[in-house]
Structures are given as C-alpha cells and as structure tokens.
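# Remarks on the overall topology
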Amino acid sequence: MIKGSKYYAQTRIILLDGVTYAGFNPVDITHIFEKTGLPILIFMRSCPDFKKIKLALTHLPDAEKRWEIIKRAGVIHRIEQTNPVFFQACGLDKESAVSIIRITSTHSNIPEPLRVAHLIATGIVLGESTGKA
C-alpha cells in the first residue's frame, strides 16, 4: 500500500503510535522497512510493561509469533522532554530519531503528525462537534 501510493516518492519516514494495534496485533517494523526502504519510528507516551503484554498475549492465538514481532522492534529509548517519551526505530540511528521527535513535537510531547492523526480519527469516530460554544 505504501509503495503503491502516489506519495511514496515524497515519504521520508513511517511514524507509528506504538507497535501494536487493535487488540495486540503487532506491526513487524523490520519487515516494513525491508519492503519499503523507509525508516520506521515507533513513538510511545509511556514505556510498555512487557510482563503485562506477554501475559495478555497468552490469551490470543499465535502468542509466540506476536511476541517475536514485538521483540524484533528493538531497544526502547527514552527522551527527556516536559514529560518523558519513548521510541523504537528501524532504519535510522538514535540521534536522528530523537531529532525527528523533537522537531515534530511542536504543540505537545506528541509528534504533530500523530497528534493530527488522532484528531482526525476522533472526529471520524465521534462525529463533528455540535457547534455549541
């Protein structure tokens, strides 16, 4: 999907909010990096509790496969900001990842592309505001 996009040539990085989605479905960032050639940066507001994650996975099919994908995402790094944030990266070095997070976190600790994506998703799920001030 990414490589088929008309914006692929302009895309410089894939920024994700966490490594799992929709009930512990992990994203294999090494696979995505290999297929797209684009660096992957996983942003997290808090450090994952791997004991709780591993326990939760025991209740799901393919628990070991899911766990392996999560582990492949690599080392979790911490950035001291107003509130500490965490990240994992594939295809770029730690210094570049820190720089990207700091440059794009203009209105909060959250990188602006993720903040805007959350606003859009919330608007889609919850609908427009009522217009009452």
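In this report, we go over the structure that sits alongside the text. Starting from 1, residues in each chain are numbered consecutively following that chain's sequence as written. Reporting of local features is limited, given that this is a predicted model, to residues whose pLDDT is at least 70; pairs of side-chain atoms are given and counted only at 80 or more, and all residues count toward the totals for whole chains, interfaces and linings. Side-chain measures here rest on the full set of heavy atoms in the structure, leaving out hydrogens and waters.

Further remarks concern the packing of aromatic side chains. Note on aromatic contacts: the rings of Phe and Tyr and the six-membered ring of Trp form a pair at centre separations within 6.5 Å, being stacked when their planes are under 30 degrees apart, edge-to-face when over 60 apart, and tilted otherwise. Tallied over the full model, the rule gives 1 aromatic pair. Ring geometry for F50 and W67: centres 5.9 Å apart, planes at 80 degrees, overall edge-to-face. Note that F50 is positioned in helix 2 (residues 50-57) and W67 in helix 3 (residues 63-72), a separation of 17 residues in sequence. Only protein chains enter the area calculation, which uses a 1.4 Å probe; residues under 20% of their type maximum are buried, those over 50% are exposed, and those in between are partly exposed. The exposure class assigned to F50 is partly exposed, which follows from its relative accessible area of 33%. We classify W67 as buried; its relative accessible area is 10%. Only DSSP runs of H or I with at least four residues qualify as helices, and only runs of E with at least two residues qualify as strands; both kinds are numbered from the N terminus onward.

To continue, consider the packing of helix 2 against helix 3. Across the interface, helix 2 lies against helix 3 with an axial gap of 9 Å and an inter-helix angle of 150 degrees. One way to sum up the angle between helix 2 and helix 3 is to call them roughly antiparallel. Together, F50, I53, K54 and L57 of helix 2 and A63, E64, R66, W67 and I70 of helix 3 make up the contact between the two elements. Any residue that is not Ala, Val, Leu, Ile, Met, Phe, Trp, Tyr, Cys, Pro, Asp, Glu, Lys or Arg is counted as polar, Gly included; the first ten are nonpolar and the last four charged. A breakdown of the residues in the contact of helix 2 with helix 3 according to their chemical character gives 6 nonpolar, no polar and 3 charged. Comment: axis = line fitted to C-alpha atoms, over the contacting stretch for helices; angle = value between 0 and 180 degrees taken between N-to-C directions. Any angle that is under 35 degrees is reported as roughly parallel, and any over 145 degrees as roughly antiparallel; angles of 65 to 115 degrees are reported as roughly perpendicular and all others as oblique. In this description, contact between two residues means that some pair of their heavy atoms is separated by no more than 4.5 Å.

Our next topic: helix 4 (residues 94-104). Those residues of helix 4 that fall on the buried side of the exposure criterion are A97, V98 and I101. Taken down its axis, helix 4 places every buried residue within 100 degrees of arc, on the same side. Opposite its buried face, helix 4 presents the exposed residues E95 and I103, each directed more than 90 degrees away. Elements that come into contact with the buried residues of helix 4 comprise strand 4 (40-44), strand 5 (77-79) and strand 6 (85-90). Think of it as the arc spanned by the lines of direction from the helix axis to the C-beta atoms.

L16, I29, I40, I42 and I70 are the most contacted members of the largest nonpolar core, which totals 16 residues. Taken together, the elements giving at least two residues each to this core come down to strand 1 (14-17), strand 4, helix 2, helix 3 and strand 6. If one sorts the elements of this core by residue count, strand 4 sits on top with 3 residues. When sequence neighbours within four positions are dropped, the list of residues in contact with I42 reads L16, G18, V19, I29, A73, F86, F87 and Q88. In terms of nonpolar packing, the next biggest core, distinct from the first, is built from 11 residues, F87, A97, V98 and I101 among them. To define a nonpolar core, start from buried Ala, Val, Leu, Ile, Met, Phe, Trp, Tyr and Cys residues and group those joined through side-chain atoms within 4.5 Å.

Keep in mind that these numbers describe shape and distance, not what the molecule does.
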